[in-house]
Protein chains: 2
Amino acid sequence: MIREVDVTSMSDVARAAGVSAATVSRALRGEPGVSEATRRYVTEVAKRMKYAIARDASSLAGGRRFAIAVLTGDVGRGDLLAGAEGALRQAGFDVLLYVLGDAGSRTGFFEEMPLGRRVDGVLALSIVLAEAESAALATLDVPVVRVDDGDLRSALRIAVGHLIGLGHRDIALVLADGVDESYDEVLVAEGLEIRPEWTLWSSPTVVGGEQVADALLDGDRLPTAVVSSNGEVALGVFMRLRRDGRAIPADISLVSLDDRDLTRAVGITAIEGAQREEGERAVAALLGSIRGDGGSSVHGLSARLVVRDSTGPA
Amino acid sequence: MIREVDVTSMSDVARAAGVSAATVSRALRGEPGVSEATRRYVTEVAKRMKYAIARDASSLAGGRRFAIAVLTGDVGRGDLLAGAEGALRQAGFDVLLYVLGDAGSRTGFFEEMPLGRRVDGVLALSIVLAEAESAALATLDVPVVRVDDGDLRSALRIAVGHLIGLGHRDIALVLADGVDESYDEVLVAEGLEIRPEWTLWSSPTVVGGEQVADALLDGDRLPTAVVSSNGEVALGVFMRLRRDGRAIPADISLVSLDDRDLTRAVGITAIEGAQREEGERAVAALLGSIRGDGGSSVHGLSARLVVRDSTGPA
DNA sequence: CTGTTAGCGCTTTCAG
DNA sequence: CTGAAAGCGCTAACAG
């Protein structure tokens, strides 16, 4: 396709404004060394001509790229991405998106490393990087900032604290398969008694949650509160308990350590990562690095309790 | 931050390979006019030197940008985005992401139009563009491809067809607020009788769905099936009916015209857009346009019924 | 098939 | 404060 169009270039603007291209460049970028009057006038003219700096040429000449690569394994974590994108756009950076969800595209990406000399920094959002992958990124010689999912332990601590504050002592903990650590100490630390039958594992699905609820209902005593590490499991527990005639939160309170569309929709109290904000914070850190020390860093999603309708007094 | 590094440029490679820069350029891009032997050797050397073409310079000189702007209003539609990104990356295009979720960033974007001379095409994913916005994009003079949500009418047709196949005749239709058209004709066309009290409106929330279910339960006759235009509403209906002791699908079948995490998790039969595939198809169309006629086009998410556990014989 | 020569549209010294 | 000149690293004619 041939496009023979609107090549309003900087020199066009310069000519129209009766100054040199250098002055236009300085004026438009807010560089010092231009009188305010000139700057205003040039900006004016540029806008009238709908002129926009050609990034390619600008990068080539200036050495800066004004672009950040955003790597993510899971577009589902939408707000994190949205927050980061907004902050970057506002700061004048392009966002080059790379969705590294499946193994194929992921290995492909790290083999090709298509970022060479193309970005000023890298943001890795909720994707756990292998050693080799981190190393590959390091060769780009630009700052890398990672945002990981918040850690379960502290989320659990917050949830349990909330429940204890409501007077609960009998708290069951449902962990999604794959979670292999023990979290008893968190309960112990709060002075709670550990009952083995109240620590349950479940596949990370709604059906799994329903089975867990069944197991709970079959026990000789029901806890007054349930904490689930996974949102879908929480929903399963919620639905089964309700169907069994248990009122939530009157009979049983429920907290999810994982906040999702699901839990939000149903009104389940949950620990949410402040995703949007964290995305913005990560961008701030990255831009700081770019301007400053060039260092890399790792951020955890900050945990925050959102009390909804599934928790109440014991 | 000062970066005084690895500026392996094309001429470095050329020197190392004992050829001219032009030859390296041709060889690396697969352009004709290079002997196979030379191409192989040059490629070899380049790889060994870890050389990667500088996109900026390449674009500047060549006039092509190898970048596509992807506009989306809703990162939640993850698979569409993932599909498009994968296809674009494979084709060698950068993806410049713009999340135009909230009004502020959206108007900001269309006022600034930061894309001038920066992309070879635009992909608008599940975002309905206003007249003025389309016009703004048109000024970029690059192909624009849009992928819209599938249309409700055809989704409804599929859902109703499915239910009728299962023997249902008493079908209630729940529309989320904002849907203003009448869909009676779809039912009529299938030979169904229209009962006004079985066409209900609801806020697009779980609570709204629960209220709808209440209204249904209060009626003098219960439909044998419910179709909801919205996933969250469907979930609300689902939960309330179950709590009221109605078995799904034994007593009542339920179909959502909108497939989401929610409906998937709970196992509600739904009409899903084949998002990933559609993303790839849109990219194919866009790349075709870029190479060819430069035309723009609109794609609908292709509707597909996913039968889960919420529908069964009447 | 390959090399040479001009730029692409900016930013950046360096003078003025 | 402003302008002129010299590239940034490539690609695209044009010659050989």
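On a predicted model such as this, the values are computed, not experimentally measured, just so you know. (Residues numbered from 1 in each chain as written. Chains lettered and ligands numbered in written order. Predicted model: local features only at pLDDT ≥ 70, side-chain atom pairs only at ≥ 80, totals over all residues. Heavy atoms only, no water.)

Participant: Would you explain the UniProt feature "domain: HTH lacI-type" (unreviewed entry) in chain A in this entry?
Facilitator: UniProt's feature table lists "domain: HTH lacI-type" (unreviewed entry) at residues 8-62 of chain A, given in the numbering used throughout. The distance from the first to the last C-alpha atom of residues 8-62 of chain A is 20 Å, and the span holds 69% helix and 0% strand. (UniProt positions renumbered as here; feature names shortened; annotations may be inferred. Helix = DSSP H or I, 4+ residues; strand = E, 2+ residues; numbered from the N terminus.)

Participant: What exactly am I supposed to notice about the relation of the copies chain B and chain A here?
Facilitator: Two copies of the chain are present, and they differ by a rotation about an axis and a shift along that axis. Placing chain B over chain A gives an RMSD of 0.5 Å and needs a rotation angle of 180°, together with 0.2 Å of translation along the axis. Each copy turns onto its partner about a two-fold axis. Most of the interface of chain B is mirrored in chain A, where 100% of its interface residues are also at the interface. (Least-squares fit on C-alpha atoms with pLDDT ≥ 70 in both. Contact = heavy atoms within 4.5 Å.)

Participant: Would you mind going over the sheet that holds strand β11 (residues 303-306) of chain B with me for this structure?
Facilitator: Hydrogen bonds between backbone groups are what pair the strands of a sheet, and the pairing can be parallel or antiparallel. Residues and elements named next belong to chain B. The strand order β6-β5-β7-β8-β9-β11 describes an open sheet built from six strands, whose pairing is mixed. For this open sheet the edge positions go to β6 (199-202) and β11, each flanked by a neighbour on one side alone. With strand direction ignored, the average angle separating the axes of adjacent strands in the sheet is 20°. Of the strand pairs in this sheet, strand β5 (residues 171-176) and strand β7 (residues 225-228) are connected by four bridges, and their pairing is parallel. Its bridge partner lying in β7, alanine 172 is registered against valine 226. In the packing of helix α10 (residues 206-218) onto the sheet, the strands contacted are β5, β6 and β7, and the crossing angle to β6 comes to about 150°. (Pairing = 2+ DSSP bridges. Axes fitted to C-alpha atoms, helices over the stretch in contact; angles between N-to-C directions.)

Participant: For this particular structure, what's the right way to read the sheet that holds strand β6 (residues 199-202) of chain A?
Facilitator: Residues and elements named next belong to chain A. Pairing within the open sheet is mixed, and its six strands lie in the order β6-β5-β7-β8-β9-β11. The sheet is open, and its two edges are formed by β6 and β11 (303-306), each paired on a single side. Within this sheet the neighbouring strands show an average axis-to-axis angle of 20°, counted without direction. Relative to strand β8 (residues 253-256), strand β7 (residues 225-228) is paired through four bridges, and the arrangement is parallel. Bridge pairing links serine 228 to serine 256 in β8.

Participant: Teacher, can you tell me more about the pattern of salt bridges here?
Facilitator: Working definition: two side chains of opposite charge can pair if their charged atoms are close together. Residue and element names in this part refer to chain B. A complete count under the given rule lists 43 salt bridges over all chains for this structure. For the salt bridge of glutamate 36 with arginine 40, the shortest nitrogen-to-oxygen distance reads 3.9 Å. Of this pair, glutamate 36 and arginine 40 both sit in helix α3 (residues 36-48), four residues apart, which is roughly one turn of the helix. A residue is classified by how much of its surface remains accessible, and glutamate 36, at 44% relative accessible area, is partly exposed. For arginine 40, a relative accessible area of 57% puts it in the exposed group. Of the charged contacts, one joins aspartate 170 and arginine 221 as a salt bridge, the two residues approaching to 2.8 Å between their closest N and O atoms. On the criterion of sequence distance, the pair formed by aspartate 170 in the loop between α8 (152-165) and β5 and arginine 221 in the loop between α10 and β7 is long-range, its members being 51 residues apart. Exposure remark for aspartate 170: the relative accessible area of 19% places this residue in the buried category. (Salt bridge = Lys/Arg side-chain N within 4 Å of Asp/Glu carboxyl O. Buried < 20%, exposed > 50% of the residue type's maximum accessible area, 1.4 Å probe, protein only.)

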